[in-house]
Structure formats: structure tokens, C-alpha cells
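Next come the chains, spelled out residue by residue.
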Amino acid sequence: KQWYQRRVREKNNEIWKKLEKTREEREVDLQGEREERDKEERAEERKRAAVVREQEKRRIEEERKEKQMRSYQLMDTDPELTTSNQFETEEDAERELLDDFM
């Protein structure tokens, strides 16, 4: 690489004075900044984990409901469904069947 070295023959004191007035020297607390950043990252991770747990709960609940809908247990609990054993006589069962048919 080629580079050039230039020498400034005279300093412009006016510019240097303005620069010196605006100079800021801060003490940097790297450990404190890192702890703050880590704290924020942990909080975000907790939020993401909570969202994932909530989605998993919803998925499990939906699967449980689907499984329940596919099972025949709901058919036994329907009050409109009756069996022939519930009627006292065979004629009552036939009458009920005809009423439902008509």
C-alpha cells in the first residue's frame, strides 16, 4: 500500500481551542453495561419461553378436545339418546321409534 505523510507547518489554534472545548471524556463501565445487557436478554428469553409454554398448553388442550370428540364417550352422555331398555314395554319402544320417525 502506498501512503503519504504530510506535515502541518502551523496549527490553527482557533480550531484546536474549539475542539478542546467540545471534547468529552467519559468513564466507561463495561462491566455494568454488560450486566444490564445480560439482564435485558434474560428478560426477553423468559418472555419467549412463556409464549412457547402457552402455545404448548393450547396445543395439548386442542389435542385433548379432538381426542374426546373422536371417542364414543360423548354419545353415552347425550340425554336425547335412549335405549330400548329404558322403556317399560316393547310397545312403548315402538311408539317412541315411530314418533321419532314421523
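Residues numbered from 1 in each chain as written. Predicted model: local features only at pLDDT ≥ 70, side-chain atom pairs only at ≥ 80, totals over all residues. Heavy atoms only, no water.

Remarks on the overall build of the chain
The helix and strand inventory of the chain stands at 4 helices and 0 strands. The linear arrangement of helices and strands in the chain, starting from the amino end, is α-α-α-α. Counting only residues that meet the buried cut, the chain has 1% of its 102 residues in that class. If you sum the accessible surface of the chain, you get close to 11800 Å²; carbon and sulfur atoms cover 48% of it. (Helix = DSSP H or I, 4+ residues; strand = E, 2+ residues; numbered from the N terminus. Buried < 20%, exposed > 50% of the residue type's maximum accessible area, 1.4 Å probe, protein only. Areas by Shrake-Rupley, 256 points an atom, 1.4 Å probe, with all protein chains shown as cover.)

As for the confidence of the model for the chain
Of all residues in the chain, 75% have pLDDT values of 70 or greater, and the mean over the chain is 81. Helix α3 (residues 73–77) is the least confidently modelled element of the chain, averaging 64 in pLDDT, while helix α2 (residues 30–70) averages 95, the highest of any element. (pLDDT = per-residue confidence, 0-100.)

Here's the deal with the pattern of salt bridges
Counted under the stated rule, the structure contains 12 salt bridges. Put simply, E25 and R23 hold a salt bridge, and the shortest N to O gap is 4.0 Å. Its relative accessible area of 69% is what places E25 among the exposed residues. You can call R23 partly exposed: its relative accessible area is 48%. Put simply, E63 and R59 hold a salt bridge, and the shortest N to O gap is 2.5 Å. One end of the pair, E63, and the other, R59, are both in helix α2, 4 residues apart, so they sit about a helical turn from each other. (Salt bridge = Lys/Arg side-chain N within 4 Å of Asp/Glu carboxyl O.)

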